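Residues per chain are reported as follows:
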Amino acid sequence: TSEKDEDGVGTLPDQNFAREIMQLFSVGLTRLALDGSLLAGRDTPTYGTHDIVTMARAWTGFGLAPIRGNMETVKKAENFVDPMVLNGERRDAFPKTDILGGYVGDGYPLCQDLPPQHFLKPGARYVWHATGALSSLEPGYENAVFVREYADLNPVMLTSVTTMGPAVCDELEGCRVPITYSGDSVKGKAASPNLHLIDTNTGTTLRIFKVNNWGVKTGGVFHFWWMPRPGVGGYDFAAAAAEFDATFPIGSVLRAANYDPAVASAGDAPTPVTMYAPGTGSDLFKALCAEKGGACKPPPQVVVTTEFQCPSGDACNRLDDMRTVKIVGPDGAVHFFNYVKPACVELAVFEGKVTAWKNKPDDDEMDNAQCADPRLPVGGGACCYDAPAGEDGILAEWLAPGQCAVVGERMTFDTLKARCAADGLVPCKGWRDSDDVEEGFSTCDPTGHQHTWLDKPCAIQVQVYSDGAVGLISAVTPALVDSRVQRSTPNTFYPRWADEYPTTPHADCEAVAADESLVCTASVTTTAVFDQKPSAADAAAKLKVGAFAPALYGARYDCGSDCNGGVVVYVDTDGTSTLDATAIIGVERAAERGGGYAWFMNKIETVEVAGHSFRNAPHFMPLAGSKTDPRRDEQRKPVLAGARHAAAYETDALIDHLLYHPNTAPFVSKLLIQRLVTSNPSPRYIKAVATAFQTGKDAVSGKGSGRWGCMDATVRAILLDREARSRTLDADPGHGSAREPLVKMLQLFRTQEFVTKGGLALRAGGIKIVGQDFMYAPSVFGFYLPSFMPSGPLEAHRLVSPENQLAIAPLMNAMMNGVSKLFEFGLSGGEQGLSATSVNQGRLSFDPIPGSGAPDDAAMNAAVDALDLALTDGRLSARSKAEIVAAALADAAAAGPDPAAQRAAALQTAGELMVVAPEFHISNLVGGSDDDRPPTPPQTASGVPYKAVVGVMLMGGADSFNFLIPKDQCDGELSYSQYKKIRGPVAIKEEKLVTVRPKNGHDQPCSEFYMTSNLTNVADMFTAGDGALFPNTGNLIKPFTKAEKFTARKPAYPQAHNFAERHMQNMHAQLGTGAKGVLGRIADAFEGTGVTTALYSIDSYPTIVRAATKDAVILDVKAGGAATVSIYQRHKAAVTALLGKQSKSYFAETYGRAFLDSLGVSEGVRTLLDAAVVSAPATADFGDGKIEKRFELVGTIMRLRTQGANPVRLADRDLFAVSMGSYDTHGAKYEPHTKELDGALLKFKEETNAQGVWKNTVVVAMSDFGRTIQSNGRGTDHAWGGNYFAIGGSIKDKVMLSSFVESMDADGHDLDWGNGIVIPKWGYEVYWGPITDWVGVDFERWGYVLPNLHRF
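All values reported here derive from a predicted model rather than from experimental measurement.

### Digging into the overall build of the protein chain
And step 1. Along the backbone of the protein chain there are 29 helices and 56 strands.
And step 2. Classification of the 1352 residues of the protein chain by burial places 56% in the buried group.
And step 3. The long-range fraction of contacts in the protein chain, counting pairs at least 24 apart against all pairs at least 6 apart in sequence, stands at 72%.
And step 4. As displayed, the protein chain has an accessible area near 53400 Å², and 53% of this comes from carbon and sulfur atoms.

See the structure below:
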């Protein structure tokens, strides 16, 4: 599950990256045709909630690389430069469904189908390693295990024997012989595959299996205990006793030896089992050694290009798999290479065999058992004497060198079976207490932690949950090594069910009431997909199991005489030689997808579960039965062999899936066109670029790599298309775009020839690009949304203009003041400068004024022409040029007699006014008219009682289940204890909570609740009767339950930030981007009633304050409300002339209206603010935090209601939007700024009380969505329903609207969306309805303000 699951609690992974890479950087939210239009004309989601959860699991395991000493860091000392490190052990191992109805891994071959000696075939890859994956095992294996085989074991002389025997043998205790003797005895025991008892007097020997003990005294008589060799079918204990008596008469002096004295002597060395080391003459040795000058010069990686031969007698002839290769060079230097298995997948459900390793020598149970796929090389080998029915078999020669070809060898079950049969043995079924299986038993691993095959059948069961998710259960008893494949774990996946999935009791299933699931037996059937050669379309659509190229199998596969064309069929000559499930089918692959053939097995595996079925799911990661690596991690837990490479293969497959998804080409193409050419490209243009993306060739130039996703071809198609090059289209008012601040500033610096002091390069981050902080976007959504539609002519024509999201007063004013300083002083610091440091970093050196004297009219016209060419591509209108020339000459004349001063003044004014001109800010032709832009009329308050509404938007999705928390007086299982259990690491400790007791307006499951102490002031206001709570509310069109999950009408993409934020603010989810904001519609509702309204937002222009009848005032908190603009103060007439005429270009008209309004409003606000601060300063000391300063500014604006008529449009109803970020807490356990918000709200109450308007004010907190009840290990993910609040002097006493969830457990209520997401009980209408009523909107207009209110 989660790579953040530090406490091992089994949490779901962080979904953030999975959401963003799909929504923003590949496929988008809605299915598209190639031309960017809606596929089939319908708004069809590209993916759903289950897909997000699945994709989140597919991105687990990544972490930042360590910081390097030679790395520059900004802000935090973390490595955001080097590629991330992929830890396969942290990757979720379960199958992942893709977003097109299949699985990630479809089309990849099965690991079970790897051809023999695949490690010598073309494409085999070896990577040099300093020590080798198994090199640390080799010395211990050779020295500790096999050298001792030829040593004497406790040679004990039993002298002066007076009686001996007879021997007694039975199944319970083995064999024993009573001996009466004088002299010393030594207790001890030994086991060996070559153990012999020897009479030192006669040399007579008896081969036995085990010495249990020497000299055990029982009733005055010492006993010698041993286990005889079993025969075929098991032990014949009577024969064993008779054989001992006949071999060793009274007087025998016995000793035990670990060798047969007839063929060996003590101290002889056996041939050890070592790491695989190819012979010096082999192809593999030559390739890996790369000998030069009498020494190996191994390359970092070797890829086999032609098939290597395995020499006769070499161990490679016996191997199913290769792991580490040891190369000893001519000079004796040792090198290691690790073999990297090719990309392949395993199947989730199979009929298996048990693998296990013995952990406790005195325990007759299997230890660390797992159910493994016998077709995979995942176990070591142990052979046994065949046992009678019902017995497990007697371990035979379990350390014999012949059973392991190399150290750490892993083999398939069939390979083990064949090796055992060659020695007249069988695979062990298990072991008994009487077997001396040492701790850490293994045949091919001296550390004792490699799993060994047992001839014990097992199966993978499936646990089916109520939402169709499936868990895998390794049905092995009594021990399980892998906690992921046990009952009722959070490790699940969503298989592709053929129809429905089982939900009711069945004979093959056991109901698990605790989690509403069924644990079912499963069977797997393999069938052929085609019985005759298919068409290419059918083959591509129906074949899902990939195959290795037939050529890798040698002569086994044959295509007959039909070996070319769009589809080729290879039949298995080792089988039926027909088109059956063993056949391989090749489908010709398009050149842009790599060419050649895509190979598939002609089979499908189906998992049958209680009368239902799903296609067996492939997975890359080692899962059930795959914990095979004998190495141990730092916690002494088994590691997953090959996990890192498997995770890398899975990542490649996922990226390929997103790259080749049919949505990616049109989605990415439109975004790139928006950035490079025009905000509203035609469908034809998008299709042309998307086609270039898919084919890798630009149709105009014919250039490109010819591979899918080629950026060379894509960018060429964008820039060479007629919509990018046509001058005629520049006159189209909707063609082109607004220009983003970064591009404008870089153009200004380049064309005006910026020169740094000392000639040093200007470092990254040295410039403050107003509205676009270089390299630091405010979020992954960037600086603006591609769907942003500003009010005015663009909105009227349903055209977007993403960059205009930054065309707000604080940013435009700040940019102009920064440009003024840049022209006057250079790149300087300070409040209004563009320098990111306090020092002056350089100046603009471009001087377009001809000559060297004072500028005259001709010189100034020439200078403005040069600036026009450099900054607006010669698009400046004659009228604008005349205004700039006149203003520049006026400033030159006012600069005094010095020609240099006159030139500087003229150049500064001309440069500043060029940046004011609309042509600098847009890409098409302005097309100005002689009509003045109508001014915004002033308004004053009418005298009705004043009221103010402040909407506080907690951006990012507040974890509001930590705002309001159940206490203990609740119905059912709902309690703080349940909250703590379900929320896990994000739960707040009880000592950090405060109690609230609502007077329930709706039935509540608890009589008391907790609130976080970070909202203590809000809790106090609620208790005092000045607050309301809104549990489990969110964006809805109408209420529904989980039973209507797939049928109810719902907001689009309720867990996507941009959609959820928009719906939260416009309260009209079904209308999309066209809906105005709820505060804006409240203002509209008062239009014509005599009640005046004013809309305000701080530092941004959110949807919530967008109205049909007026524009909101955007306040600048850094400037104390509004900034004065230098160039406007000095040249108001010129600026007004440049901006005051209506433009034909929709972009120019939008810019001109926005900037001119911001200049006028800012000037008026600044004047009134200065007066208000002097006449009625703030009562409360708000502090310096961001949210505190914003509420202080709101309080200051509220004081302006008595200041008289002015451009601020003082009103009877002030409607404010205040936003607060940092609530997207995927990796945090609490919202970091909630306490600051709580303090600001208390100060705001004090301020409005001092103004006498607390009872005339309501503040309501809301968020995009709530967050998951369960944690992802460190934080929480996007969800839906959440708990919010309002405060104000007119709120009814301790009211709680809507209802808290009945249970924190998903199975305990009917509002479970799945994956920790709660469906809101009520929409945000539950509080906007009372607010709309309280603020005074006429009842007949409530439907306009809240279009969905009637549904609640």
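From this point on, the discussion continues.
### Digging into the pairing of strand β46 (residues 1027-1034)
And step 1. With 8 of its 8 residues buried, β46 lies for the most part within the structure.
And step 2. Bridging between β46 and strand β52 (residues 1282-1288) involves 5 bridges; their strand directions are antiparallel. Across the sheet, residue Ala 1028 finds its bridge partner in β52, namely Ala 1286.
And step 3. In this sheet, strand β53 (residues 1295-1296) lies alongside β46 in parallel orientation, the contact comprising 2 bridges. Its bridge partner lying in β53, Leu 1029 is registered against Met 1296.

### Regarding the sheet that holds strand β42 (residues 964-966)
And step 1. Spatially, the 3 strands line up as an open sheet ordered β42-β45-β43, and their pairing is antiparallel. Both outer strands of the open sheet, β42 and β43 (993-996), are each paired with one neighbouring strand and no more. Within this sheet the neighbouring strands show an average axis-to-axis angle of 40°, counted without direction.
And step 2. When β43 meets strand β45 (residues 1009-1012), the two strands line up antiparallel, connected through 4 bridges. Bridging from a neighbouring strand, Val 994 pairs with Met 1011 of β45.
And step 3. Across the sheet, helix α20 (residues 1016-1023) touches β43 and β45, and the angle it forms with β43 is around 15°.

### Details of a nonpolar patch on the surface
And step 1. Residues Leu 64, Phe 80 and Met 84 make up a contiguous nonpolar surface patch of about 320 Å² in total accessible area.
And step 2. Note on placement: Leu 64 falls in the loop between β1 (62-63) and β2 (85-86).
And step 3. Classification of Leu 64 as partly exposed rests on a relative accessible area of 38%.

### As for the packing of α20 against helix α27 (residues 1234-1251)
And step 1. As a packed pair, α20 and α27 sit with axes 7 Å apart at the nearest point and diverge in direction by 45°. Taken together, the axes of α20 and α27 are oblique relative to one another. Of α27, the residues touching α20 (which contributes Thr 1016, Asn 1017, Val 1018 and Met 1021) are Asp 1238, Gly 1239, Leu 1241, Leu 1242 and Lys 1245.

### A closer look at the pattern of salt bridges
And step 1. Counted under the stated rule, the structure contains 39 salt bridges.
And step 2. Between Lys 1141 and Asp 932 there is a salt bridge; the shortest N-O distance is 2.6 Å. Of this pair, Lys 1141 sits in strand β49 (residues 1141-1143) while Asp 932 sits in strand β40 (residues 928-932), placing them 209 residues apart in sequence.
And step 3. A relative accessible area of 51% means that Asp 932 is categorised as exposed.
And step 4. Where Lys 967 meets Glu 1008, a salt bridge forms, and the shortest distance between an N and an O atom there is 3.3 Å. Separated by 41 residues along the polypeptide, Lys 967 in the loop between β42 and α19 (976-983) and Glu 1008 in the loop between β44 (999-1000) and β45 bring together distant segments of the chain. Considered together, Lys 967 and Glu 1008 belong to a single accessibility category, that of buried residues.
And step 5. Among the charged side chains, a network of salt bridges with common partners joins Arg 57, Arg 91, Asp 92, Lys 96 and Glu 650.

### Points about the environment of Ala 1108
And step 1. Position of Ala 1108 among the secondary structure elements: in the loop between β47 (1093-1098) and β48 (1113-1115).
And step 2. Linking Ala 1108 and Lys 1076, residues 32 residues apart in sequence, is a C-alpha distance of 7.1 Å.
And step 3. Residues contacting Ala 1108, with those up to four places away along its chain left out, are Lys 1076, Asp 1084 and Tyr 1344.

### Here we look at the sheet that holds strand β17 (residues 334-340)
And step 1. Strands sit in the order β15-β3-β17-β16 across an open sheet of 4 strands; the sheet is antiparallel. Of all the strands in the sheet, the pair left with one neighbour each is β15 (301-303) and β16 (324-328). Here the strands of the sheet are splayed against their neighbours by 25° on average, with no regard to which way each runs.
And step 2. With 3 bridges connecting them, strand β3 (residues 125-129) and β15 associate as antiparallel partners. What sits directly across from Arg 125, in β15, is Val 303.

Scoring rules and cut-offs
Residues numbered from 1 in each chain as written. Predicted model: local features only at pLDDT ≥ 70, side-chain atom pairs only at ≥ 80, totals over all residues. Heavy atoms only, no water. Helix = DSSP H or I, 4+ residues; strand = E, 2+ residues; numbered from the N terminus. Buried < 20%, exposed > 50% of the residue type's maximum accessible area, 1.4 Å probe, protein only. Contact = heavy atoms within 4.5 Å. Areas by Shrake-Rupley, 256 points an atom, 1.4 Å probe, with all protein chains shown as cover. Pairing = 2+ DSSP bridges. Axes fitted to C-alpha atoms, helices over the stretch in contact; angles between N-to-C directions. Patch = residues over 30% accessible without salt bridge, like charges linked within 9 Å, V, L, I, M, F, W, Y side chains within 5 Å. Salt bridge = Lys/Arg side-chain N within 4 Å of Asp/Glu carboxyl O. Parallel < 35°, antiparallel > 145°, perpendicular 65-115°, else oblique.

In short, geometric facts, not functional conclusions.
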